[in-house]
Amino acid sequence: MAKLNRIVRVTLTSLTRTIQKNDFNRLLIVGEHDLKQGRVFAVTSADELLDLGMKADHDLYKAVNVAFAQKPATDVVYIGNRKMSGSGGKTEDWPTTLQAIRKENDLWYGLAMTSRQPEDILAVADWAESAEKLFGTVAAQEAFDGSNTRDIASQLKAKNLTHTFVLASTHPELFYEVALMSRCFTVYPGGETWANKSLTVVTGDELLESQYDAARKKNASTYEVFNGDFPLTQTGKVASGEWIDVVRFGDWLKAEMQADVVAALSNANKIPYTDEGIGIIKNAMLSSLALGRARGGIAPDSLDENGDVLPSWVITAPLARDISANNKGLRVLKDVGCKVRLAGAIHNVDIAIQFVY
């Protein structure tokens, strides 16, 4: 019997290869424990730790319980183990611990720990900065003293860190940073702000305006009671002064765009070094930008006072004719850029009321 292949031959090739992307909605809490669970493991409720033999007064259990108590709350928390280092009863240094955890499992973005020791906080903050993980911690009430420049909030601000945020509190033993990350990680990057959030389980502070102002000037956030019974987070910045949501969205956009461009390169037989090929790269960039706009991180197109369009983004790339023969020979495309208009967020409102007859 004759086959249709004689007339039309169809070959199926899958071009759906995907690149694994980082998850910016997962939280890791690190502490010391003796559970037989390896370097890092995941739980979906605090009771799982009790079932494994952890005591209810263990700081790791308390932190995980805070995470899952939020409304809404993250659905998974990773538990990292800081182990003993050889003989002598000493624990590992923090870079060793965190790199070992990351090597075994890197599906997390938020980072917290049970320790409140300043030397531990500084070590983890330095590691998080280079690893581009979001580290949260709590500062004691020294942060409310404007004349104190040696408290942990002041030290982190002096380091100009973009991936560490601090919550100042009169109750530093409570895991405010875990509560806030669990709450905000329920929203896609770009769709949230870290100010004006109500948290569960943890206690709000009743602060003087001068105390709040001192913490604010150190780029520390607070969790304060308003009108006697309504607690809310305030500020929502990292130690450098940038907004936490901007840092998280930037990390997400970078990873998303990188994966999309790599997928375009790997799924094509060849992307030519022509204007058409450069256009393919630009189109790959558009995917993450459009998703970032849909999720609220990037502002929609709007009009200026002259009626001209203010675009959400502008992608720039050279024409093939303007690229040097050397770069073409190296097969490296340089001078590709993107200017993005952030959507931002409203934290405070000024309203003027006038009475007239």
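Structure: see above.
Remember, it's a predicted structure, so these values are computed and weren't measured experimentally.

## A few points about the overall build of the chain
1) Next: Along the backbone of the chain there are 10 helices and 12 strands.
2) Next: When the backbone C-alpha atoms are referred to their principal axes, the chain occupies close to 80 × 75 × 45 Å.
3) Next: By residue count, 43% of the 357 residues in the chain fall in the buried class.
4) Next: The contacts in the chain between residues at least 6 apart in sequence include a share of 68% that link residues at least 24 apart.
5) Next: Carbon and sulfur atoms provide 51% of the accessible area of the chain, an area that totals close to 19,600 Å².
6) Next: Positive and negative charge centroids in the chain, built from 39 and 44 side chains respectively, lie 11 Å apart.

## Quick word on a nonpolar patch on the surface
1) Next: On the surface, Ile346, Val349, Ile351, Ile353 and Phe355 cluster together to form a nonpolar patch covering roughly 710 Å² of accessible area.
2) Next: Within the fold, valine 349 resides in the segment after β12 (337–340).
3) Next: The exposure class of valine 349 is exposed, given its relative accessible area of 58%.

## Concerning the nonpolar core
1) Next: Counting residues in each nonpolar core, the largest one holds 52 residues, and the members touching the most others are Ile29, Leu49, Phe165, Val178 and Trp194.
2) Next: The element that contributes the greatest number of residues to this core is helix α8 (residues 244–267), accounting for 9 residues.
3) Next: When sequence neighbours within four positions are dropped, the list of residues in contact with tryptophan 194 reads Leu134, Phe165, Leu180, Met181, Cys184, Phe185, Thr233, Gly236, Ile244, Asp245 and Arg248.
4) Next: Counting residues in hydrophobic clusters, the runner-up holds 32 residues, among them Ile101, Ile121, Ala128 and Ala143.

## Digging into the packing of α8 against helix α9 (residues 275–294)
1) Next: Following both chains from N to C, one finds α8 and α9 inclined at 145 degrees, their axes separated by 8 Å at the closest point. The handedness of the crossing between α8 and α9 is right-handed. When α8 is examined against α9, the residues Phe249, Trp252, Leu253, Glu256, Met257, Asp260, Val261, Ala264 and Leu265 are found in contact with a partner set consisting of Ile281, Ala284, Met285, Ser287, Ser288, Leu289, Leu291 and Gly292.

## A short note on the side chain of threonine 164
1) Next: As for its placement among the helices and strands, threonine 164 is situated in strand β6 (residues 164–168).
2) Next: Classification of threonine 164 by relative accessible area gives buried; the value is 0%.
3) Next: Look past the residues within four positions of threonine 164 in its chain and what remains in contact with it is Ala125, Phe135, Leu156, Val238 and Ala239.

## Here's the deal with unusual backbone geometry
1) Next: Here lysine 71 and proline 72 are connected by a cis peptide whose omega angle stands at 0 degrees.
2) Next: Its location among the elements puts proline 72 in the loop between α2 (59–69) and β3 (77–81).
3) Next: In this model, asparagine 160 sits at a positive phi of 60 degrees, which is unusual for a non-glycine residue.
4) Next: In this fold, asparagine 160 is placed in the loop between α5 (152–158) and β6.
5) Next: The backbone of asparagine 196 sits at a positive phi, close to 60 degrees, despite the residue not being glycine.
6) Next: Tracing the backbone through its elements, the reader meets asparagine 196 in the loop between α6 (176–184) and α7 (209–217).

## Some points on the pairing of β3
Where a strand is regular, its side chains alternate between the two sheet faces.
1) Next: The buried count for β3 comes to 5 of 5 residues, which makes it a mostly enclosed element.
2) Next: Burial along β3 is two-sided: Val77, Ile79 and Asn81 and Tyr78 and Gly80, pointing in opposite directions, are all buried.
3) Next: When strand β1 (residues 27–31) meets β3, the two strands line up parallel, connected through 5 bridges. Looking at β3, one finds that isoleucine 29 is bridged to isoleucine 79.
4) Next: When strand β2 (residues 40–43) meets β3, the two strands line up antiparallel, connected through 4 bridges. Bridge pairing in β3 places phenylalanine 41 opposite isoleucine 79.

## Thoughts on α2
1) Next: When we look at burial in α2, the residues that qualify are Leu60, Tyr61, Ala63, Val64, Val66, Ala67 and Ala69.
2) Next: Close packing links the buried residues of α2 with β1, β2, α1 (47–51), β3 and α6.

## Notes on the pattern of salt bridges
1) Next: Counted according to the given criterion, the structure contains 13 salt bridges.
2) Next: A salt bridge links arginine 248 to glutamate 192, with the shortest nitrogen-to-oxygen separation between them at 3.1 Å. Residue arginine 248 is located in helix α8, and its partner glutamate 192 is located in the loop between α6 and α7; the two are separated by 56 residues in the primary sequence.
3) Next: Since its relative accessible area comes to 0%, arginine 248 is described here as buried.
4) Next: What makes glutamate 192 buried here is its relative accessible area of 6%.
5) Next: With a shortest N-O distance of 3.2 Å, aspartate 213 and lysine 217 are connected by a salt bridge. In this pair, aspartate 213 and lysine 217 are both assigned in helix α7, 4 residues apart and thus about one turn of the helix distant.
6) Next: Since its relative accessible area comes to 23%, aspartate 213 is described here as partly exposed.
7) Next: Overlapping salt bridges bring together Arg102, Asp106 and Lys133 as one network.

About the thresholds
- Residues numbered from 1 in each chain as written.
- Predicted model: local features only at pLDDT ≥ 70, side-chain atom pairs only at ≥ 80, totals over all residues.
- Heavy atoms only, no water.
- Helix = DSSP H or I, 4+ residues; strand = E, 2+ residues; numbered from the N terminus.
- Buried < 20%, exposed > 50% of the residue type's maximum accessible area, 1.4 Å probe, protein only.
- Contact = heavy atoms within 4.5 Å.
- Areas by Shrake-Rupley, 256 points an atom, 1.4 Å probe, with all protein chains shown as cover.
- Lys, Arg positive; Asp, Glu negative; His and termini not counted.
- Charge placed at Lys NZ, Arg CZ, Asp CG, Glu CD.
- Patch = residues over 30% accessible without salt bridge, like charges linked within 9 Å, V, L, I, M, F, W, Y side chains within 5 Å.
- Salt bridge = Lys/Arg side-chain N within 4 Å of Asp/Glu carboxyl O.
- Core = buried A, V, L, I, M, F, W, Y, C linked by side-chain atoms within 4.5 Å.
- Axes fitted to C-alpha atoms, helices over the stretch in contact; angles between N-to-C directions.
- Left-handed = near helix turned anticlockwise from the far one by under 90°.
- Pairing = 2+ DSSP bridges.

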